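Working through the structure, step by step
Given next are the chains, with one letter for each unit.
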Amino acid sequence: MSKHPQINPLIALRHDLHAHPELAFSEHRSSDVVAGFLQSLGLEVHRGLAGTGVVGVIRNGDSARAIALRADLDALPLHEQNLFPHRSKHEGRMHACGHDGHTAMLLGAAQALAGNSDFNGTVVFIFQPAEETDGGARVMIEQGLFERFPVEAVFGMHNWPGLPAGQFAVHSGPVMACADQFDIVLSGHGGHAAMPQQARDPLVAGAALVQALQTVVSRTLDPLDPAVLSVTRFFSGGEAYNIIPSEARIGGTVRAFRAEVQDKVEAALERLASGIAAAHGVQAQLDYRRGYPPTLNSAAEATLCAEVARAVAGAGNVRCDLSPSMGAEDFAYMLREKPGCYVWIGNGMAEGGCMLHNPRYDFNDEILPLGVAYWVALVKRVLGAQEAQYQPLSL
Ligand code: NI
């Protein structure tokens, strides 16, 4: 099955997690599996942060230095279409983002580092719930994660389909975007569809507004400052062919890498919604909600992680030239609190080109050893005996 027979227990663990996917803040079984594994290694284990969160700690030597490594536990509400033996046993839930693999790699690292005296300091292993939608990282932080477990830096890793297995990608600065949401309610005056002069049609105003919103990015932002505004919902509540509805609702998402861009987009949404509504004689109400912030790697830690990745994967297998993703990631909340870096590990060219969140996606077991090796090398690099941390090699 694998070219790495010593990793087979980790494959079995990954398959077990894959077969039992759990959604945000309900990762009870996954949490039990992780805590049990860490306890079996003799680690200090703390449970209950954000409900199903698990924190394992290894303290070595006399150094006060400490770093955190983070994995995510949750799955997605998706019907798995794979037919292999470890396919989801829970209809409508699926590990389609590889968090099963992330958890297995971090447990593998804990196993390799438990009882290992090659470093001096503390390693905090964070297994967080609810990455996909509800910000489990934010909740763990609000409940005192970094007060209880003070660290100088925090590190994350996500598998990346399309990036060849055996490779890493490291970004200095933005790696993932923010994910804001907006809703606009257009209130008009319903009436008979044959007598539009007696109504104020919110649907026509909404159609004009959807068109106008396409100019927010193209006409109000610096072309070199990336952003996306996508309208993804448009409802009127109208069912009949002969009734002009009294209300229309438009919703969508905004992605960007900078708070100033989020501010500009929100202001443009407000301006266009109220202006277009006024032009059509209807009322507009905007609700703009900030979601996950942009994921921003700090420069020194990105340089460090690129060096560690080169050491374990080979110099030619670390990409530092890839564009960031407009997707979002709640590790962003941890990077708002601490310096750190979130890297991509290549998941390979999946069969059928399956990307993340696809019902035929699967984490690539062949990359488990590389992910474990990266975590172990990172710990030894930062907390190791040699004073070689944070060397100024440029990305
Ligand atoms: Ni994910």
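Residues numbered from 1 in each chain as written. Predicted model: local features only at pLDDT ≥ 70, side-chain atom pairs only at ≥ 80, totals over all residues. Heavy atoms only, no water.

1. Considerations on the confidence of the model for the chain
Summing up the model confidence of the chain, the mean pLDDT is 94 and the portion of residues at 70 or higher is 94%. The model gives residues 387-395 a pLDDT under 50, and that stretch makes 23 contacts with residues more than four places away or in other chains. (pLDDT = per-residue confidence, 0-100. Contact = heavy atoms within 4.5 Å.)

2. Here we look at the coordination of the nickel ion
Every protein donor of the nickel ion is accounted for by Cys-97 (SG), His-99 (NE2) and His-158 (NE2), and the metal-donor separations fall at 2.1 to 2.2 Å. On the basis of relative accessibility, which here comes to 7%, the residue Cys-97 falls in the buried class. (Donors = N, O, S within 2.8 Å, 3.2 Å for Na, K, Ca; no water. Buried < 20%, exposed > 50% of the residue type's maximum accessible area, 1.4 Å probe, protein only.)

3. Notes on helix H3 (residues 99-113)
Taking 1.5 Å as the rise per residue, H3 with 15 residues should run 21 Å; its terminal C-alpha atoms sit 21 Å apart, in good agreement. At the C-terminal side of H3, Gly-115 shows a positive phi close to 75°. (Helix = DSSP H or I, 4+ residues; strand = E, 2+ residues; numbered from the N terminus. Expected span 1.5 Å × (residues − 1).)

4. Overview of the pairing of strand S8 (residues 179-187)
Sheet analysis places S8 next to strand S13 (residues 283-292), joined by eight bridges and oriented antiparallel. Bridge pairing links Val-185 to Gln-285 in S13. As judged from the eight bridges shared by S8 and strand S12 (residues 247-256), these two strands associate in the antiparallel manner. Across the sheet, residue Phe-182 finds its bridge partner in S12, namely Gly-252. (Pairing = 2+ DSSP bridges.)

5. A closer look at the nonpolar core
Core analysis: the biggest nonpolar cluster contains 55 residues, and Leu-69, Phe-125, Phe-127, Phe-155, Tyr-374, Trp-375 and Leu-378 have the highest contact counts within it. Sorting elements by how many residues they give to this core places helix H10 (residues 368-383) first, with ten residues. With residues near it in sequence (within four places) discarded, Trp-375 still touches Leu-69, Arg-70, Met-105, Leu-106, Ala-109, Phe-155, Gly-156 and Met-157. In this structure, Val-55, Ile-126, Leu-145 and Val-154 belong to the second largest nonpolar core, which totals 29 residues. (Core = buried A, V, L, I, M, F, W, Y, C linked by side-chain atoms within 4.5 Å.)

6. With respect to the domain arrangement of the chain
Annotation of the chain at the domain level lists domain 1 (5-176 + 294-389) and domain 2 (179-292). Averaged C-alpha coordinates put domain 1 and domain 2 at centres separated by 38 Å. Each side of the interface is counted separately: domain 1 has 18 residues, and domain 2 has eleven residues. When the buried surface of domain 1 facing domain 2 is broken down by residue, Pro-294, Met-326 and Ala-328 rank first, second and third, together holding 59% of it. (Domains from an automatic or database assignment. Buried area = accessible area lost by both parts, 1.4 Å probe.)

7. A look at the layout of surface pockets
Quantified by volume, the largest pocket comes out at close to 340 Å³. Forming the walls of the largest pocket are 17 residues, and the residues nearest its centre are Thr-133, Ala-179, Gln-181, Gly-291 and Tyr-292. Contributing elements (two or more residues each) for the lining of the largest pocket: S8, S12 and S13. Considering each element in turn, the lining of the largest pocket owes the most residues, four residues, to S13. The residue inventory of the lining of the largest pocket, partitioned by class, reads four nonpolar, six polar and seven charged. No fewer than three residues from each of domain 1 (5-176 + 294-389) and domain 2 (179-292) sit in the lining of the largest pocket. (1 Å grid on protein atoms, 1.4 Å probe; cavity = no way out; pocket = protein on both sides within 12 Å on 5 of 7 lines; lining within 4 Å. Points joined across faces, edges and corners; volume = space filled by probe spheres on them. Nonpolar A, V, L, I, M, F, W, Y, C, P; charged D, E, K, R; others polar.)

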